[in-house]
Amino acid sequence: MKIELDKVYHGDCIEIMKQLPDECVDLIFADPPFNIGVRYDKWKDNLKYEEYLQWSESWLKEAYRLLKKNGSIYVAIGDEFAAELAIILKRLGLYMRNWIIWYYTFGQHQKKKFTRSHTHILYYTKHKSHFTFNADAIRVPSARQTVYKDRRANPKGRIPDDVWTFPRVCGTFKERVGNHPCQMPTALLERIILASSNPGDIVLDPFGGTGTTAVVAKRLGRHFITIELSEQYYSTIIERLNMEDAKKFIKKDIKGLFDSLYEFSNT
Ligand SMILES: C[S@@+](CC[C@H](N)C(=O)[O-])C[C@H]1O[C@@H](n2cnc3c(N)ncnc32)[C@H](O)[C@@H]1O
């Protein structure tokens, strides 16, 4: 199948990825179901241990095949399968760059254990040394700048640590779209896409959910390919992308209106 850019596919990611050509994407962000019993529309999130491992191996094998030689992959996963997925990624021949911890606030309260407040993000590249990493695009203010007012501080800030803090997108948040149990924050995707891709690159997300990756890729001038199994979530992604277009048009129109008013007031 010829690769179609800026496309949302409705279907099973393994089947769809199998139809795409080798080495066609620059960056993959995957946030698969963690197999912890989350209630999704279509997917049953409670496979037997071996079954989940085999399924993970199958989609990761396809992801590996689709990744360009200098491509990068980030896989979000819970505690239950982080170690297993790290082994699969290593066995496929990928190179680990970071084992990132996304620490989030607003974790779901637990009665008989500590509150879950982090997700693992396994960051790997296909080549050991040739890959995109746009350090300047993701810098944050350093303690040297903000606390110590040290003149030696790099004025551009520093590269973030491998523990990231972004709030989880809770049900009441303005950012929340559709009826999906695990929407990722756009800020997290922004950091990944800015760091590991360039404008015009192709970003693949095999587990679309609410379409966060596609939306952020589009905002940042990257192409996207997103796959989602559930028809309901697929429709949410399409609506969310349409809203993005509408917002862009409105912004452009308002700017045009202000520009005309400004010109008019100066005549
Ligand atoms: C953890 S969610 C992804 C959430 C997404 N990162 C977001 O920000 O909205 C996982 C998604 O994968 C979808 N999914 C499960 N199995 C799939 C498969 N075989 N192919 C495509 N999508 C699948 C589920 O329906 C669910 O929406």
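This section reports on the structure supplied with the text. (Residues numbered from 1 in each chain as written. Predicted model: local features only at pLDDT ≥ 70, side-chain atom pairs only at ≥ 80, totals over all residues.)

1. Observations regarding the overall build of the protein
- If you tally the helices and strands in the protein, you get seven helices and eight strands.
- In terms of principal-axis extent, the alpha carbons of the protein reach across some 75 × 50 × 45 Å.
- Counting across all 267 residues of the protein, residues that qualify as buried make up 30%.
- The contacts of the protein with a sequence gap of at least 6 include a subset with a gap of at least 24, amounting to 66%. (Helix = DSSP H or I, 4+ residues; strand = E, 2+ residues; numbered from the N terminus. Buried ≥ 20, exposed ≤ 12 C-beta atoms within 10 Å, placed from the backbone. Contact = placed C-beta atoms within 7 Å.)

2. Concerning the nonpolar core
- Within the largest apolar cluster, 50 residues are counted, with the highest numbers of intra-cluster contacts made by Ile28, Ala63, Val75 and Leu122.
- Considering each element in turn, this core owes the most residues, six residues, to strand β3 (residues 67-77).
- If near-sequence neighbours (up to four positions away) are discounted, Ala63 is found in contact with Met17, Ile28, Ala30, Ile73 and Pro206. (Core = buried A, V, L, I, M, F, W, Y, C linked by C-beta atoms within 7 Å.)

3. Comments concerning the site of the ligand
- As a structural note, the neighbourhood of the ligand is formed by 20 residues, with Met184, Phe207, Gly209, Thr210 and Thr212 the closest of them.
- Of the residues assigned to the shell around the ligand, the class counts are 10 nonpolar, six polar and four charged. (Near = placed C-beta within 6 Å. Nonpolar A, V, L, I, M, F, W, Y, C, P; charged D, E, K, R; others polar.)

4. Re the environment of Asp162
- Tracing the chain through its elements places Asp162 in the loop between α4 (143-146) and β6 (163-165).
- Residue Asp162 is classed as exposed on the basis of its C-beta count, with 12 C-beta atoms lying within 10 Å.
- Along the backbone, Asp162 and Trp59 are 103 residues apart, and their C-alpha atoms lie at a distance of 25 Å.

5. Re the sheet that holds strand β5 (residues 118-125)
- Here we have eight strands laid out as an open sheet, ordered β1-β8-β7-β2-β3-β5-β4-β6, and mixed in their pairing. Taken across any chain shown, the strands that pair with only one partner, and hence form the sheet edges, are β1 (7-10) and β6. Recorded for the sheet is a direction-independent mean angle of 20° between the axes of neighbouring strands.
- Where strand β7 (residues 202-205) lies against strand β8 (residues 223-228), four bridges are found, and the strand directions are parallel. Counted as the bridge partner of Val203 is Phe224 from β8.
- On top of the sheet, helix α7 (residues 231-265) reaches β1 and β8; it is set at about 170° to β1, its chief contact. (Pairing = 2+ DSSP bridges. Axes fitted to C-alpha atoms, helices over the stretch in contact; angles between N-to-C directions.)

Nothing here speaks to function; it is all geometry.
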